[in-house]
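Structural characterization, general
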Amino acid sequence: MKEAVVAKGPKVTIRDSPIPKPGPNQVVTRVEFSGSNPKDWKVPEWMPDHEPANQGDDISGIVHEVGEGVNEFKPGDRVAAFHEMMAPGGSYAEYALSWAHTTFHLPPNVSFEEGAALPLAAMTAACGLYAKLRLPEPWLPTTKPTPLVIYGASSAVGYYTIQFALKSNIHPLICVAGNAQSHVEKLLDRSKGDTIVDYRNGDEAVVQGLKDALGGEKLEYAYDAVSEKNSYQNIAQVLDHNTGRITFVLPGKKYDELPASIERTITRVGDVHGNPDDLKEFGYVYFRYISKGLAEGWFKAQPQEVVKGGLEGVEEALTRLKEGRVSAVKLIFRVGDTPGAGSS
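Reference entry: report on the structure contained in this document. (Residues numbered from 1 in each chain as written. Predicted model: local features only at pLDDT ≥ 70, side-chain atom pairs only at ≥ 80, totals over all residues. Heavy atoms only, no water.)

The next subject is a nonpolar patch on the surface. On the surface, Trp-139, Leu-140, Tyr-284 and Val-285 cluster together into a nonpolar patch covering about 410 Å² of accessible area. Summarising the element assignment, Val-285 is placed in helix H8 (residues 280-296). (Patch = residues over 30% accessible without salt bridge, like charges linked within 9 Å, V, L, I, M, F, W, Y side chains within 5 Å. Areas by Shrake-Rupley, 256 points an atom, 1.4 Å probe, with all protein chains shown as cover. Salt bridge = Lys/Arg side-chain N within 4 Å of Asp/Glu carboxyl O. Helix = DSSP H or I, 4+ residues; strand = E, 2+ residues; numbered from the N terminus.)

Secondary-structure assignment places Leu-120 in helix H3 (residues 119-132). You can call Leu-120 buried: its relative accessible area is 8%. Measuring from C-alpha to C-alpha, the distance between Leu-120 and Tyr-95 comes to 18 Å, with 25 residues separating the pair along the chain. Setting aside residues no more than four positions away along its own chain, Leu-120 makes contact with Asn-37, Lys-39, Asp-57, Asp-58, Phe-82, Met-85 and Val-269. (Buried < 20%, exposed > 50% of the residue type's maximum accessible area, 1.4 Å probe, protein only. Contact = heavy atoms within 4.5 Å.)

The next thing to look at is the layout of surface pockets. Its boundaries defined by the atoms lining it, the second largest pocket holds a volume of some 330 Å³. Glu-51, Pro-52, Ala-53, Asn-54 and Gln-55 are, among the 23 residues lining the second largest pocket, the residues nearest its centre. Broken down by element, the lining of the second largest pocket gets its largest block of residues, 3 residues, from strand S1 (residues 2-7). Considering only residue class, the lining of the second largest pocket consists of 14 nonpolar, 5 polar and 4 charged. (1 Å grid on protein atoms, 1.4 Å probe; cavity = no way out; pocket = protein on both sides within 12 Å on 5 of 7 lines; lining within 4 Å. Points joined across faces, edges and corners; volume = space filled by probe spheres on them. Nonpolar A, V, L, I, M, F, W, Y, C, P; charged D, E, K, R; others polar.)

A few words now on H8. Helical geometry note: an α-helix holds 3.6 residues per turn, so side chains three or four residues apart project in the same direction. In this model, H8 (17 residues) spans 25 Å end to end at C-alpha, consistent with the 24 Å of a helix rising 1.5 Å per residue. For H8, every residue scored as buried is listed here: Phe-282, Gly-283, Tyr-286, Phe-287, Arg-288, Tyr-289, Ile-290, Ser-291, Gly-293 and Leu-294. Taken together, the buried residues of H8 touch strand S5 (78-82), strand S7 (103-105), H3 and helix H4 (156-167). Backbone geometry just after H8 places Gly-297 at a positive phi near 95°. (Expected span 1.5 Å × (residues − 1).)

In structure tokens form, the structure reads like this:
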């Protein structure tokens, strides 16, 4: 099969590899579409001495084979899945490997393109809101005003965070966004105080905008889906210093600029694979809840852009992500368009 591996640059090479075999509790999927994520170019930068690897983690396709102990899926099922990061069998290939607990059925009303835009980012949103910030679960929505700042609201993680928060009846949602404000606006309920703060107006304006949106109410929760470019420094000027909680999406930082009394956590989506925190059961439940939300229509995929050339488009896509030339869209790849695909 054809497989794309990513080196620092990003530099992508297409190679021939054997089709992976599933171990116990694993699923091999014939990949129709693969999604991309910023970590796909960042990891080779962070780990330049490692061999180039298949960095794809968003799988969407048809089950090819299942391993021992898998009874929820069978060959021919339409699925999406979150591949275990840094493990063999990534989604930048004709066939990809996932654990059964991070695989979920794609409802008939959801396309493979949409499926490729979901797994990693949607689960990151869920982990941050519910495992880290410990906000009310969507099946037990809150009945009281609960202000929440979502910084980077038009990103894929931010877009899914908004949708989960709405299902949990969390309002007002104070969403920090820029060029893609219209993408965010269509989700919000202005009658409940939801609003957008434009980061392009500068840090002082952002802080003032957050304060204005709160209208004197205390802010105790913030989801920082940017975690750089003064995002958390701005939030810290508004977040309650005694009871405030904030979660970040970028590891490797200490966030020491924040007052020590603010509860700080890192949202690591890899925790649903059990490392370093064990959120395996959390991942199992929320991926099935995402499938339910997709079927019912209240949960929707980030808009997608299919990059031409199949896996040969991965380098272009990751370069665009690195250069910040992607807004309010998920770059995905039709793996069957890869030259030579299906020939082995």
